[in-house]
Amino acid sequence: MTLVRSLPEGLLLSEGSHGSIEDGACVMEAAAYIAGEGWSDHPACVSPVIAEFCRSWNDAMDDEDRQMLRPLIPLLIGTASDEATELRRSWMCLDWLCRECAPAWLDAAGLTARAGDLRALAQIESEERAQAALAALNAARDEASAARAAARDAARAAAWDAAGAALRPTVVALQASALDLVQRMAAVGAAGVGARG
């Protein structure tokens, strides 16, 4: 798909939805804009699975980190595909959440055994494997909830600032991993390219 226009010079991606490019843009509004579609954060030319992942990610990032999504925008254009491709991308997202994202946060919380359990799961690409992952996720959730309750009793506002700084390496690593995930999802279905596990 040919890109119709460029983003305005100096435009910074921002959280939420906007009325027009003059008001700002999230990553998906920017994709619709450069593809020449009507103003929307649900561009027809972008895979619905990738778009949902990117909308959520866009809104969860701080203003500085969000700018790392800009180079992805042209890559997203033309990724809308058939049902089988979108299903494959859905499994890729679930697999990433279960075997990369959740374990990273569990490691940061000191729950390394549970993180290892999730990383050891087989690649999630079917309902059967998703059900197997659910048991491991539930066990991790229960243990994390207990740890959170204990930490809440011990922590106060100053501790949260220190915790935020301590978690920054986890955030940076997961952002790099998520960039890779989006690139792999965009490659699925493109000229017969598959995704790695």
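Everything here concerns the structure above.
Read on for an overview of the structure. (Residues numbered from 1 in each chain as written. Predicted model: local features only at pLDDT ≥ 70, side-chain atom pairs only at ≥ 80, totals over all residues. Heavy atoms only, no water.)

**Digging into the environment of Ala122**
Okay, step 1: Mapped onto the elements of the fold, Ala122 is located in the loop between α6 (112–119) and α7 (127–154).
Okay, step 2: With 11 residues separating them in the primary sequence, Ala122 and Ala133 have C-alpha atoms 8.5 Å apart.
Okay, step 3: The contact partners of Ala122, leaving out residues within four places of it in the chain, are Asp95, Arg99 and Arg129. (Helix = DSSP H or I, 4+ residues; strand = E, 2+ residues; numbered from the N terminus. Contact = heavy atoms within 4.5 Å.)

**Describing the nonpolar core**
Most often, soluble globular proteins have nonpolar side chains that are buried together.
Okay, step 1: Among the nonpolar cores identified, the biggest contains 39 residues, and Met28, Phe53, Val182 and Met185 are the most heavily contacted of them.
Okay, step 2: Elements with a contribution of two residues or more to this core: α1 (27–35), α2 (48–60), α4 (73–76), α5 (83–108) and α8 (157–187).
Okay, step 3: With 7 residues, the single largest contributor to this core is α1.
Okay, step 4: Not counting residues up to four positions away in its chain, the partners in contact with Val182 are Ile50, Phe53, Cys54, Trp57, Leu72 and Leu76.
Okay, step 5: Membership of the second largest hydrophobic core comes to 12 residues, among which are Leu106, Leu118, Ala130 and Ala133. (Core = buried A, V, L, I, M, F, W, Y, C linked by side-chain atoms within 4.5 Å. Buried < 20%, exposed > 50% of the residue type's maximum accessible area, 1.4 Å probe, protein only.)

**What about the state of the cysteines?**
Okay, step 1: Evaluation of the coordinates by the stated rule reveals 0 disulfides.
Okay, step 2: This cysteine, Cys93, is not joined by any disulfide, and Cys54 carries the nearest cysteine sulfur, 8.7 Å off.
Okay, step 3: Cys93 sits in the buried class, given a relative accessible area of 10%. (Disulfide = S-S within 2.5 Å.)

**Topic: the pattern of salt bridges**
Okay, step 1: According to the stated counting rule, one finds 11 salt bridges in the structure shown.
Okay, step 2: In this structure, the salt-bridge partner of Arg66 is Asp63, at a minimum N-O distance of 2.7 Å. Highlighted residues: Arg66 and Asp63, both in helix α3 (residues 63–66), separated by 3 residues, approximately one helical turn.
Okay, step 3: With a closest N to O distance of 2.8 Å, Arg89 and Glu86 form a salt bridge. One end of the pair is Arg89 and the other is Glu86, both in helix α5 and 3 residues apart, which spans about a single turn.
Okay, step 4: Classification of Arg89 as buried rests on a relative accessible area of 1%.
Okay, step 5: Residue class for Glu86 comes out buried when judged on its relative accessible area of 10%.
Okay, step 6: Each of Arg114, Asp117 and Glu143 takes part in a single network of salt bridges with overlapping partners. (Salt bridge = Lys/Arg side-chain N within 4 Å of Asp/Glu carboxyl O.)

Shape is all these values report; function is a separate question.
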